[in-house]
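Given next are the chains, with one letter for each unit.
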Amino acid sequence: MATIGHNNLNAKLVLLGDMGAGKSSLVLRFVKGQFLEFQESTIGAAFFSQTLAVNDATVKFEIWDTAGQERYHSLAPMYYRGAAAAIIVYDITSAESFARAKKWVQELQKQGNPNMVMALAGNKADLEERRCVPAEDARAYAEENGLFFVETSAKTAQNVNEIFYEIAKKLPRAQPPQNPAGMVLVDRQTDGSRASTCCS
Amino acid sequence: MLPKCPIVPRANGYPIVPGACGFPSPMASDSVSPSSSSDSAYDSAAYQNPNPNPNPSDKPINAIDGQLMSSLVLADSTDSVNHEEGPPSSVNEGDIVDANVLASEESDRTVMVEVDVREEEEEEVQRSEAVVVEERETGGGGGEGEVWRVNSELEVDAPDSPNSSGYAGERGTSSASSACGTGEDDICQVRDGDFVNGVVESQAVWIPGKRHVDEDDASMSWRQRKKHFFILSHSGKPIYSRHGDEHKLAGFSATLQAIISFVENGYADEANNGDRVKLVRAGKHQVVFLVKGPIYLVCISCTEEPFESLRGQLELLYGQMILILTKSVNRCFEKNPKFDMTPLLGGTDVVFSSLIHSFNWNPATFLHAYTCLPLAYPTRQAAGAILQDVADSGVLFAILMCKHKVVSLVGAQKASLHPDDMLLLSNFVMTSESFSPICLPRYNPMAFLYAYVHYLDANTYLMLLTTSSDAFYHLKECRLHIEAVLLKSNVLSEVQRSMLDGGMHVEDVPVDPSPRSGSASPHLGQHSPERVREAYTGTGGPCGLWHFMYRSIYLDQYVSSEFSSPIGTPKQQKRLHRAYQKIYASMHDKGFGPHRTQFRRDENYVLLCWVTQDFELYAAFDPLADKALAIRTCNRVCQWVKDVENEIFLLGASPFSWWGKRIEKCFAEWPVGGLIAGHLRL
């Protein structure tokens, strides 16, 4: 959910993508400026927060770094529900991870917040010699689906801050101020009241 | 059903794992003399087959399974030829006891497969072995089982390594094993640099994560690993392997599955469904099986750990899997027996490998108890109070831990947390701040809970468990509140101080109440820096006391002394851990025990064990220690533990709902009660 107050925006951001695509590495690079060659698999979902200054406002990202493993797939809605932004990450050296990324985009389009800012990140851009997913393919796909696309490298820090900054800039426009609080929460409350009137 | 294999129902109706506690220990039976002192070495007759025909063995793992399979198939196809009535000559008394006592608690009938392979280090190539498949009625306990004996000659390709064994580890380090990696069971690297201040936690030098992924069952290095763990599905699909790539081990998994299913429904007559293979012994190797519905777990080990210990380890491994996936994973197998589970466990290698590593150092893995970080009583009370506040607001369990030690823990009303679940939970590594679904196998194996974990510093972490998947922000607020209170009340700084100081040092065991100036019951951490420790430098505590471990039965907690110089290196600590594990199994041998006391001397230690209704004490002394003095020292240790119990244990707020019942039961059976029900007498 994204909330605005006194030029401060709180935005829930979720990272989705195949196991090993580099979600945790992107977050660690963005939040701590670190990179580990052998990043351990995320288990469940890790939570981070980081504040960015955009123009004259600040955006505080509440970042959910989810596990890419299949077993957590059914639990993903728990993490992307109410998210203002999502970064779908794939590994440019793995066509499989790109296919998986497309599935995540579909799922978010169906289930997610319609105003969600979605970014597609082709990670591991430093491994150009092992590339399997042409940048043009990904760009074309992103344009078709209205995603913001960039190739990143958590290792070299290429485009890492940029992707978060770009999302931060897009947020206020995507999230109209008249509907500030978490969409889903509001919906659910209405659902709840409807249900209770039904029963009574 | 065998009365010797009780399934003790816990409060939640989930049975106790027939692991180390309360499970019979047939192997040790020969070597243990009840309630008396014995100076015998560990290697008992039960470990070595007195078969007069030497069957040189020492063979790689694939050879074993190859032989097993061929032998078992032989047994099947040549039923009439090789069928013998009564036990064959190669079966000794110990083996028969095995077959009886190891009867599966969940099956009506049990099969015991023994592959007896006589060790013969000089002989190298020609190998023959006796395979004894024993089947008997579990209920009867009588000896009228059908027994096959099959001798098969097998050519085993002799390994290229300089010794005869595929498993270099059997004879300690060999050039072959040292050339092929750093498996913790293969080579114990004793690096002097790791030895700091005489106290090294053995886990400190261990690097998490899976190694040797390039190996498979064709690799020599893989076969030389001393301890393998496998999880596979009932269709033989690999799920997890400690060493090597699961996918490359598909053939090997299928072999293990074939052994299990052969025993379950393969041979002999009509209604023998439910037969379970539990143990296969091949020379120094034990192959331990555990069947959990559609999940099969197998351990192949030449570490000489007792069967019950290995089986307990398989139970924990299964528990860890349930913690990640819940037992509802069984449904996937109902829908599709060929279901491939590996993607579901993706990325959890580190969790399993760290659990398996903990089998080498963490006494909780066989004691089924947890340990607390030593803290002043008011400090722990303060931590407990703030956790209690949170527990009242819809948190199921609130646990504050430092590494594997509990600072404080609180459960919602009527909720109980099993020590094994705590072990598995704390092993489930989560860094920074996270919110993940987990399942507590002893609490409810079918359902997920949600664990909010936050590291307050590098070692100290708070875990809040809830049933609600939406509770993250609530739990985050709870954590902020708890963290603020902990900082304000100096709990966190006390925790850090305790981490540095350690807990009970054998050097501090009160020598005699009178000569010690000041209080007879010193508080932990209040000793002056220039305490008597110097007097014992290099020799541990008084009377050659090197280490002790005390388990409080009512509290489900244990305390162990810090490691001091005679057992300063990780290798020495691991050896002591194994010795404790072995003696624990023998003390809890239901067939011949439980024993009350045991005094055992070998070339490494004197081990003295003392089990009462209230506590269990395990102490290790210098191998030359005097028996009378050792006993006196144990009494002092017990008194000391009692004196400082409110600092080393979490008292009062027992999270275990069966606690009260147990106390009632124990007092009914044992009217003496009290923490020390009479001193051990000379």
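Reading guide: rules and limits
Residues numbered from 1 in each chain as written. Chains lettered and ligands numbered in written order. Predicted model: local features only at pLDDT ≥ 70, side-chain atom pairs only at ≥ 80, totals over all residues. Heavy atoms only, no water. Helix = DSSP H or I, 4+ residues; strand = E, 2+ residues; numbered from the N terminus. Buried < 20%, exposed > 50% of the residue type's maximum accessible area, 1.4 Å probe, protein only. Contact = heavy atoms within 4.5 Å. Areas by Shrake-Rupley, 256 points an atom, 1.4 Å probe, with all protein chains shown as cover. Pairing = 2+ DSSP bridges. Core = buried A, V, L, I, M, F, W, Y, C linked by side-chain atoms within 4.5 Å. Domains from an automatic or database assignment. Buried area = accessible area lost by both parts, 1.4 Å probe. Salt bridge = Lys/Arg side-chain N within 4 Å of Asp/Glu carboxyl O. Polar contact = N/O pair within 3.5 Å; in protein donor to acceptor, adjacent residues only side chain to side chain. Nonpolar A, V, L, I, M, F, W, Y, C, P; charged D, E, K, R; others polar. Axes fitted to C-alpha atoms, helices over the stretch in contact; angles between N-to-C directions. Left-handed = near helix turned anticlockwise from the far one by under 90°. Arc of directions from axis to C-beta. pLDDT = per-residue confidence, 0-100. Parallel < 35°, antiparallel > 145°, perpendicular 65-115°, else oblique.

On to the overall build of chain A, then. A count of helical and extended segments in chain A gives six helices and seven strands. In chain A, the succession of α and β elements from N to C terminus is β-β-α-β-β-α-β-α-β-α-β-α-α. A burial count over chain A gives 52% of its 200 residues as buried. Nonlocal contacts in chain A, meaning residues at least 24 apart in sequence, comprise 72% of its contacts between residues at least 6 apart. Summed over its atoms, the accessible surface of chain A is roughly 9400 Å², and 50% of this surface lies on carbon and sulfur atoms.

Residues and elements named next belong to chain B. Counted residue by residue, strand E6 (residues 227-233) has seven buried out of seven residues, so it is predominantly covered. Here E6 shows no split at all, with Lys227, Phe229, Ile231 and Ser233 on one side and His228, Phe230 and Leu232 on the other all buried. Examined bridge by bridge, E6 and strand E10 (residues 295-301) share seven bridges and lie antiparallel to one another. Among the inter-strand pairings, His228 is bridged to a residue of E10, identified as Ile300. Counted along the chain from E6 to the antiparallel partner strand E7 (residues 238-241), the turn is four residues long, and its residue Gly236 has a positive phi close to 90 degrees.

With that settled, consider the nonpolar core. Counting residues in hydrophobic clusters, the biggest one holds 140 residues, and the most contacted among them are Leu120 of chain A together with Met321, Met341 and Leu464 of chain B. It is helix H7 (residues 307-325) of chain B that contributes the most residues to this core, eleven residues altogether. In terms of domain composition, this core takes at least three residues from each of domain 2 (372-406 + 437-498) and domain 3 (506-669) of chain B. If we skip the residues at most four places from it in the chain, Met321 of chain B touches Ile231, Ile295, Thr326, Val329, Met341, Leu345 and Phe352 of chain B. Grouped together as the second largest cluster of nonpolar side chains are 33 residues, Val31, Ile87, Val150 and Ala154 of chain A included.

A common way to report how large an interface is uses the accessible area buried once the components associate. Across the contact, 25 residues belong to chain B and 21 residues belong to chain A. Across the chain B/chain A interface, buried area totals approximately 1800 Å², and carbon plus sulfur atoms make up 60% of it. Between the two partners, chain B and chain A, sit one salt bridge. One salt bridge connects Asp470 of chain B with Arg81 of chain A, and the closest N-O pair in it is separated by 2.9 Å. Inspection of the chain B/chain A interface yields six residue pairs in polar contact (both at pLDDT 80 or more). Counting residues per element, the ones that place at least two in the side of chain B that touches chain A are H7, helix H9 (349-358), strand E14 (433-438) and helix H13 (472-488) of chain B. Among the residues making up the side of chain B that touches chain A, the classes are represented as 15 nonpolar, seven polar and three charged. Relative to E14 of chain B, strand E3 (residues 45-54) of chain A runs antiparallel, the two being bridged by two bridges. Residue Phe47 of chain A lies in a different strand from E14 of chain B, and its bridge partner there is Glu433 of chain B.

Below, the discussion takes up the packing of H7 of chain B against helix H12 (residues 419-427) of chain B. All names here are of chain B. At their nearest, the axes of H7 and H12 sit 10 Å apart, and the two run at 65 degrees to each other. In this structure, H7 meets H12 at a crossing whose hand is right-handed. Residues Leu316, Gly319, Gln320 and Leu323 of H7 pack against Asp420, Leu423, Leu424, Leu425 and Asn427 of H12. Class assignment for the residues of the contact of H7 with H12 results in five nonpolar, three polar and one charged.

Next up on the list: helix H4 (residues 135-144) of chain A. Residues and elements named next belong to chain A. Among the residues making up H4, those that are buried are Ala135, Ala138, Tyr141 and Ala142. The buried residues of H4 all sit within an arc of 130 degrees when viewed along its axis, so they share a single face. More than 90 degrees from the buried face of H4, the exposed residues found are Glu136, Glu143 and Glu144. In this structure, the buried residues of H4 make contact with strand E5 (85-91), helix H3 (95-111), strand E6 (117-123) and strand E7 (148-151). After H4 finishes, the residue Gly146 shows a positive phi value of roughly 65 degrees.

Looking at chain A as a whole, its pLDDT mean stands at 83, while 82% of the residues score no less than 70. Counting contacts from residues 177-200 of chain A, a segment whose pLDDT is below 50, to residues more than four positions away or on other chains yields eleven contacts.

Before going further, it helps to spend a moment on the pairing of strand E16 (residues 460-466) of chain B. All names here are of chain B. Counting buried positions along E16 gives seven out of seven residues, so the element sits mostly inside the fold. Here strand E12 (residues 397-402) pairs with E16 via six bridges, running antiparallel. In the strand pairing of E16, Cys402 is matched with Thr460. Linking strand E15 (residues 449-455) to E16, which pair antiparallel, is a turn of four residues.

As a further point, take the packing of H7 of chain B against H9 of chain B. Residues and elements named next belong to chain B. Interhelical geometry of H7 versus H9 gives an angle of 150 degrees and a closest axis separation of 10 Å. As judged from the angle between their axes, H7 and H9 are roughly antiparallel. For the crossing formed where H7 meets H9, the hand is right-handed. Contact with H7, carried on its side by Leu316, Leu317, Gln320, Met321 and Ile324, involves Val351, Phe352, Leu355 and Ile356 of H9 and no other residues of that element. For the contact of H7 with H9, the residue count by class is eight nonpolar, one polar and no charged.

Now for unusual backbone geometry. Residue and element names in this part refer to chain B. Of note, the phi angle at His368 is positive, near 55 degrees, even though the residue is not glycine. You can see His368 is positioned in the loop between helix H10 (364-367) and strand E11 (370-372). The phi dihedral of Lys403 falls on the positive side, at around 50 degrees, and the residue is not glycine. Among the residues examined, Lys403 registers a relative accessible area of 39% and is labelled partly exposed.

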